[in-house]
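What follows is the residue order along each chain.
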Number of protein chains: 4
Amino acid sequence: MARTPDPHFAQRIRASFDRQSAMHLIQATLPVVEQGLTEIHLPHWQGVEQQHGFVHGGVVGMIADSSAGYAAMTLVPADASVLTVEYKMNLVAPADGEKLIARGQVVRPGRTLIVTKAEVFAVKDGKESLCALMQQTIIVMHGKVEK
Amino acid sequence: MARTPDPHFAQRIRASFDRQSAMHLIQATLPVVEQGLTEIHLPHWQGVEQQHGFVHGGVVGMIADSSAGYAAMTLVPADASVLTVEYKMNLVAPADGEKLIARGQVVRPGRTLIVTKAEVFAVKDGKESLCALMQQTIIVMHGKVEK
Amino acid sequence: MARTPDPHFAQRIRASFDRQSAMHLIQATLPVVEQGLTEIHLPHWQGVEQQHGFVHGGVVGMIADSSAGYAAMTLVPADASVLTVEYKMNLVAPADGEKLIARGQVVRPGRTLIVTKAEVFAVKDGKESLCALMQQTIIVMHGKVEK
Amino acid sequence: MARTPDPHFAQRIRASFDRQSAMHLIQATLPVVEQGLTEIHLPHWQGVEQQHGFVHGGVVGMIADSSAGYAAMTLVPADASVLTVEYKMNLVAPADGEKLIARGQVVRPGRTLIVTKAEVFAVKDGKESLCALMQQTIIVMHGKVEK
């Protein structure tokens, strides 16, 4: 990255997450925000299920997309915001567990484009198993502070 | 397709949709189910918003994924079910409008794998504009009826 | 597009194609260059085959990627160039025929990012059948003329 | 994996690679074949270049796709073959170097579907730098030996 990232990135990202009604709707939380890495956690509750009682693939996608997007946001200057250009996700197993953990990580930083990945794990009886794998492209909007 | 698809596909698909709590949670409906094509509609309401007041990209992904998966399901026999293997989605504009329409379509049918696409449009003052474009791979599980 | 595209785009694109050694290596040609659309043709010859005598999936990818990238280039100003950010391709059938046709098209223009698609058809006994389907993101480099 | 993989996988894979004319055409080699992992190497020579003298993105895609497909093939029984269903690739930097190394790896094995990834590095003055990142879905064709 050409410019110094924001030292207060964690605070800025938590404030952004808190303004996302859709994250509240599904009861997601953001317990981990580190440089180049975030985690979104989701309890398994009835409202996010699909027809077989697993967590809906679309909800898995929501937390994968957001965790990786916020991982990218940890690396941008305070006066920049980020947008998802696109992502590709493989759903490799049913999201079967008491909770889900989406781990978003920056794979390749850049001034304009950032490539990230996310892995989503289902936690069952304390054991994590991979249920989704995502590769994502993020664009950095310089000079556009997220309000 | 090697085998005759189910003549009662629309009824079977509506029943499946009705069992998806996550679709109720976001207030999505499934008004269109035709051979190789479905539409999911979503009103714009506060619970599905992201931090700028647009519909959350993850919610856009949910209805895109589901509309295309159900489009594939219109073509499979009554004793088969479908699973999303993977999808790739470009978010091309903010989901800004009174409602969203996700149009899922089969692009390439097959006995084991079906390739689909979905387009998501935001409807504002009666005018549709494209906000997302998805390409998806579906696997058919023969002999596994969806309960 | 915010700026007037180059009226001489076809000439500029053909010159670019001619400088691509890799396109000569596989014997690809560029017979169609229209606004938002190009076609790359490839004869089926022994040098581009995989182990079963079909055209190699990687070669199918090469002409898909290039046809869609040049489709994007038809829409940019004369002082801009284009780069592939990423693409996603489904290989839906073996590339079995006397020749392949890759049709690249712009799906969603934009000043910085352009979303395109490509379809690759195998032509056998004069009949076209789909063998690959691609969705791609292109970035426009303004002020960087391709030399 | 439900069944014992082939102990002679390396021999079988090298024989398959040798039958791929397209790999000879671009002068690619397969120096590394291990369980769940392969490497394809490509010297930078004039025939594989694009218009700026870097290795063509399509050629980068060819070796990424093949290295990951062969990584999947290391895990399947002797009487099975593999096909690429689809892949998604980010081109993150120009392929600028004396040679390229594509490292394909299995991310998630399965009886019918295998998810893989590939990273392509350009080697310049002995230093590797990432130029492409791919996520891929492979289907296993049981009972179809590759001849």
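These numbers were taken from a predicted model, which means no experiment stands behind them. (Residues numbered from 1 in each chain as written. Chains lettered and ligands numbered in written order. Predicted model: local features only at pLDDT ≥ 70, side-chain atom pairs only at ≥ 80, totals over all residues. Heavy atoms only, no water.)

Quick look at the overall build of chain A
Short version of the rule: Helix and strand labels come from DSSP, where a helix needs a run of H or I of at least four residues and a strand needs a run of E of at least two; each type is numbered from the N terminus. Radius of gyration here uses only the C-alpha atoms, and the compact-globule reference equals 2.2 Å multiplied by the residue count raised to the power 0.38. For every residue, the accessible area obtained with a 1.4 Å probe (protein chains only) is divided by the maximum for its type, and the residue is called buried under 20%, exposed over 50%, and partly exposed between those limits. Whether two residues are in contact is decided by their heavy atoms: any pair within 4.5 Å suffices. Areas reported as accessible are Shrake-Rupley estimates using a 1.4 Å probe. Residue values count occlusion only from the protein chains shown. His is not counted, nor are the chain ends; Lys and Arg add positive charge and Asp and Glu add negative charge. Charge coordinates come from a single atom per side chain, which is NZ of Lys, CZ of Arg, CG of Asp or CD of Glu.
When you go through chain A residue by residue, the secondary structure sums to three helices and six strands. In chain A, the order of α-helices and β-strands from amino to carboxyl end is α-α-β-β-α-β-β-β-β. Over its C-alpha atoms chain A spans a radius of gyration of 15 Å, differing by no more than 12% from the 15 Å that the globule rule assigns to 147 residues. Burial status across chain A gives 61% buried among its 147 residues. The long-range share in chain A, meaning contacts at least 24 apart out of those at least 6 apart in sequence, stands at 66%. Looking at chain A as shown, the accessible area adds up to about 5,500 Å², and 54% of this sits on carbon and sulfur atoms. Averaging the positions of the 14 positive and the 14 negative side-chain charges in chain A gives two centres separated by 8 Å.

Remarks on the side chain of His41(B)
Residue and element names in this part refer to chain B. Here is the rule we go by: Residues adjacent in sequence count toward polar contacts only when both atoms are side-chain atoms; beyond that, a polar contact is any pair of N or O atoms within 3.5 Å, and within protein one must be able to donate a hydrogen and the other to accept it.
Along the chain, His41 turns up in strand 2 (residues 37-43). Overall, His41 belongs to the buried group, its relative accessible area being 14%. At 2.7 Å, the side chain of His41 and the side chain of Glu39 are in polar contact. Leaving out residues up to four positions away in the same chain, His41 has contacts with Gln27, Ala28, Thr29, Pro31, Lys99, Leu100 and Ile101.

Describing the relation of the copies chain A and chain B
Note the following rule: Residues below a pLDDT of 70 in either copy are left out; the C-alpha atoms of the rest, at least 70 in both, set the least-squares superposition of the copies.
Laying chain A over chain B is done by rotating through 180° and shifting 0.0 Å along the axis; what remains is an RMSD of 0.0 Å. On the angle and the small slide along the axis, the relation comes out as a two-fold axis. The rotation axis passes nearest to the C-alpha of Lys88(A) in chain A, at a distance of 2.0 Å. Take the interface residues of chain A: 100% of them recur as interface residues in chain B, which is what a same-surface contact looks like.

Here's the deal with the relation of the copies chain B and chain D
Mapping one chain copy onto the other needs a rotation about an axis and a shift along that axis. The transform that puts chain B on chain D rotates by 180° and translates by 0.0 Å along the axis, for an RMSD of 0.0 Å. When the interface residues of chain B are mapped onto chain D, 100% of them again lie at the interface, so the same face is used by both copies.

Things to note about the sheet that holds strand 3 (residues 80-91) of chain B
Heads up, the rule is: Whether two strands pair comes down to DSSP finding at least two bridges between them. Fitted lines through C-alpha atoms serve as axes, helices being fitted only where they are in contact, and the angles separating the N-to-C directions of these axes extend from 0 to 180 degrees.
Reading across the sheet, the 12 strands line up as 1(A)-2(A)-4(A)-5(A)-6(A)-3(A)-3(B)-6(B)-5(B)-4(B)-2(B)-1(B) and stay open at both edges, with antiparallel pairing between neighbours. If you trace the sheet from one side to the other, it starts and ends with strand 1 (29-34) of chain A together with strand 1 (29-34) of chain B, each paired once. Between one strand and the next, the sheet's axes are offset by a mean angle of 25°, whatever the strand orientation. By the bridge criterion, four bridges tie strand 1 of chain B to strand 2 of chain B in an arrangement that is antiparallel. Opposite Val33(B), over in strand 2 of chain B, you have Thr38(B) as the bridge partner. Along the sheet, helix 3 (residues 57-73) of chain A makes contact with strand 2 (37-43), strand 3 (80-91), strand 4 (99-108), strand 5 (113-124) and strand 6 (127-142) of chain A together with strand 3 of chain B, crossing strand 4 of chain A at roughly 40°. In the packing of helix 1 (residues 9-18) of chain B onto the sheet, contacts are made with strand 1, strand 2 and strand 3 of chain B, and the angle to strand 1 of chain B comes to roughly 160°.

Comments concerning unusual backbone geometry
Residues and elements named next belong to chain C. Its identity as a non-glycine residue notwithstanding, Gln27 has a phi of 70°, on the positive side. By secondary structure assignment, the location of Gln27 is in the loop between helix 2 (21-25) and strand 1 (29-34). Its relative accessible area of 37% is what places Gln27 among the partly exposed residues.

Points about the pattern of salt bridges
Selection rule: Should a side-chain nitrogen of Lys or Arg be within 4 Å of a carboxyl oxygen of Asp or Glu, the pair is scored as a salt bridge.
According to the stated counting rule, one finds 24 salt bridges over all chains in the structure shown. Measuring nitrogen to oxygen at the nearest pair gives 2.6 Å for the salt bridge that ties Arg103(A) to Glu39(A). Highlighted residues: Arg103(A) in strand 4 and Glu39(A) in strand 2, separated in sequence by 64 residues. Given a relative accessible area of 12%, Glu39(A) falls into the buried group. Two residues, Asp6(D) and Arg12(D), come together in a salt bridge whose shortest N-O distance is 2.7 Å.

Considerations on the interface of chain A and chain B
Counting residues at the interface gives 35 residues for chain A, matched by 35 residues for chain B. For the interface between chain A and chain B, the tally reads two salt bridges. Measuring nitrogen to oxygen at the nearest pair gives 2.7 Å for the salt bridge that ties Lys88(A) to Glu86(B). One can count 18 residue pairs in polar contact (both at pLDDT 80 or more) joining chain A with chain B.

Focus: the confidence of the model for chain A
Fine structural detail should not be taken from predicted coordinates in areas where pLDDT scores are low. Using the following cut-off: Within a predicted model, pLDDT stands for the predictor's per-residue confidence, ranging from 0 to 100.
A residue-level look at chain A finds 97% of positions with pLDDT of 70 or above and a mean pLDDT of 94. As scored by the predictor, the complex reaches a pTM of 0.95 and an ipTM of 0.93.

Let's talk about the environment of His52(A)
All names here are of chain A. For His52, the position within the fold is in the loop between strand 2 and helix 3. Overall, the relative accessible area of 40% leaves His52 in the partly exposed class. When the C-alpha positions of His52 and Arg108 are compared, they lie 37 Å apart, and in sequence the two are 56 residues distant.

Comments concerning the pairing of strand 3 (residues 80-91) of chain D
Among the 12 residues in strand 3 of chain D, 11 count as buried, and that is most of the element. In the sheet, strand 3 (residues 80-91) of chain C pairs with strand 3 of chain D via five bridges, with the strands oriented antiparallel. Bridged to Met89(C) within strand 3 of chain D is Tyr87(D).

Structural notes on the sheet that holds strand 2 (residues 37-43) of chain C
If you trace the 12 strands from one edge of the open sheet to the other, you get 1(C)-2(C)-4(C)-5(C)-6(C)-3(C)-3(D)-6(D)-5(D)-4(D)-2(D)-1(D), paired in antiparallel fashion. Edge positions in the open sheet fall to strand 1 of chain C together with strand 1 (29-34) of chain D, since each of these has one partner strand only. The average undirected angle you get between the axes of adjacent strands in this sheet is 25°. In this fold helix 1 (residues 9-18) of chain C packs onto strand 1, strand 2 and strand 3 of chain C, with an angle of close to 160° to the strand it touches most, strand 1 of chain C. Packed onto the sheet, helix 1 (residues 9-18) of chain D meets strand 1, strand 2 (37-43) and strand 3 of chain D and runs at close to 160° relative to strand 1 of chain D.

Let's talk about the UniProt feature "domain: Thioesterase" (unreviewed entry) in chain A
Quick note on the threshold: UniProt positions are given in the numbering used here, feature names are shortened, and annotations may be inferred rather than shown by experiment.
The sites that UniProt annotates as "domain: Thioesterase" (unreviewed entry) are residues 52-127 of chain A. Taken end to end, residues 52-127 of chain A has its terminal C-alpha atoms 21 Å apart, with 22% of it in helix and 46% in strand.

Observations concerning the interface of chain B and chain D
A common way to report how large an interface is uses the accessible area buried once the components associate. The cut-off we apply is this: What counts as buried area is the accessible surface, traced by a 1.4 Å probe, that two parts surrender upon association, with contributions from both included. Any residue outside Ala, Val, Leu, Ile, Met, Phe, Trp, Tyr, Cys, Pro, Asp, Glu, Lys and Arg is labelled polar, Gly included; the first ten of those are nonpolar and the last four are charged.
At the interface, six residues of chain B touch six residues of chain D. If you sort the residues of chain B by the area they bury against chain D, Val85(B), Glu86(B) and Leu113(B) come out on top, with a joint share of 57%. Joining chain B to chain D, the criterion identifies zero salt bridges. The interface formed by chain B and chain D holds zero residue pairs in polar contact (both at pLDDT 80 or more) in total. Within the side of chain B that touches chain D, the residues separate by chemical class into three nonpolar, two polar and one charged.

A look at the pairing of strand 3 of chain B
Consecutive residues of a regular strand have side chains that alternate between opposite faces of the sheet. Pairing geometry for strand 3 of chain B and strand 6 (residues 127-142) of chain B, over 11 bridges, is antiparallel. The residue bridging Met89(B) from the neighbouring strand is Met134(B), located in strand 6 of chain B.

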